[in-house]
Amino acid sequence: MALPIKGIEKLSVIDFPGKTCCIVFLADCNFRCPYCHNPDLIRNPQNMPDITEKEVLGFIESRKKWVDGLCITGGEPCLHKELPSFIRSVKERGFIVKLDTNGSRPEMVKSLIDEGLLDYIAMDVKAPPERYPDVAGVKVDIEKIRETVDIIMKSGVEYEFRTTLVPRLFGRDDMEKIGRWLNGAKRFFLQNFKSGNTLDESFKNESSFSEEELKELADIAGKYFRYVGVRQ
């Protein structure tokens, strides 16, 4: 089977810290986070046009003067056994690679790291461990999530952890618990939820945290992480 590439963003200067990149979006996810902004990748990927690996590789080659690398997101990229082969092709062409993951497939993350295929990893941390099913919308093997966190922190690869903040699902106690869990990690980003197209339509017009509330949450996170950033 081919890697299910369903979208491409031709240029981003914010998704790969300090670098310019293209972004590819892969279909399918094993989580059902209600606030997800890529619902078609989960609900109806079969109705979205396919983009071939050859097309992506040709495109990034044509942008080599302006683009440093490729960000691979989803969906959940690590669900696909074709992922390592695709990344090898990207790396062979001289590009760096960033992987976005929900951390549910530690064996894939470890394999990619061990092969030297990743230059940056961004892992979404949905909630404190005991609240993962509430936010991810499915039963979650939290030990696999913990394993991926441990692999990433010990990998030597640049990384960040990040949490999307939805007032209905997240509070000060959650930030404290995540901080204690990931204590000492290099980078943590708080991502403020934005209303829009969501997997669960009841979240479509959900409110966001205020700047003052975000600052309070960032101050809590600052006790545990070496760097804390806020993405509005």
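Residues numbered from 1 in each chain as written. Predicted model: local features only at pLDDT ≥ 70, side-chain atom pairs only at ≥ 80, totals over all residues. Heavy atoms only, no water.

## Some thoughts on the overall build of the protein chain
In step 1: A tally of helices and strands in the protein chain yields eight helices and eight strands.
In step 2: Compactness check: the protein chain gives a C-alpha radius of gyration of 17 Å against a globular reference of 17 Å for 232 residues, within 12% of the reference.
In step 3: Projected onto its principal axes, the C-alpha positions of the protein chain cover 45 × 40 × 35 Å.
In step 4: The burial tally for the protein chain puts 52% of its 232 residues in the buried class.
In step 5: Here the contacts in the protein chain between residues at least 6 apart in sequence split such that 74% fall between residues at least 24 apart. (Helix = DSSP H or I, 4+ residues; strand = E, 2+ residues; numbered from the N terminus. Rg over C-alpha atoms; globule rule 2.2 N^0.38 Å. Buried < 20%, exposed > 50% of the residue type's maximum accessible area, 1.4 Å probe, protein only. Contact = heavy atoms within 4.5 Å.)

## Comments concerning the nonpolar core
In step 1: Ranked by size, the top nonpolar core spans 71 residues in total, and within it Ile72, Leu83, Phe86, Tyr132, Phe161 and Met175 carry the most contacts.
In step 2: Here Met175 is in contact with Phe170, Phe188, Leu190, Leu217, Ile220, Ala221 and Phe225, once residues within four sequence places are set aside.
In step 3: Ile23, Phe25, Leu41 and Tyr120 belong to the second-largest nonpolar core, a separate cluster that totals seven residues. (Core = buried A, V, L, I, M, F, W, Y, C linked by side-chain atoms within 4.5 Å.)

## What about the packing of aromatic side chains?
In step 1: In total, this model carries five aromatic pairs according to the counting rule given.
In step 2: Aromatic side chains Phe188 and Phe225 sit 4.6 Å apart centroid to centroid with 10 degrees between the ring planes, which places their arrangement in the stacked category. You can see Phe188 sitting in strand 7 (residues 187-192) and its partner Phe225 sitting in the loop between helix 8 (211-221) and strand 8 (227-231), a full 37 residues away along the chain. Both residues of the pair, Phe188 and Phe225, count as buried.
In step 3: Here the guanidinium or amino end of Arg168 rests over the ring plane of Phe203, the centre of that ring lying 3.8 Å away.
In step 4: The positively charged end of Arg231 is found above the aromatic ring belonging to Phe189, 3.6 Å away from the centroid. (Phe/Tyr/Trp six-rings, centres within 6.5 Å; stacked < 30°, edge-to-face > 60°. Lys NZ or Arg CZ within 6 Å of the ring centre and 35° of its normal.)

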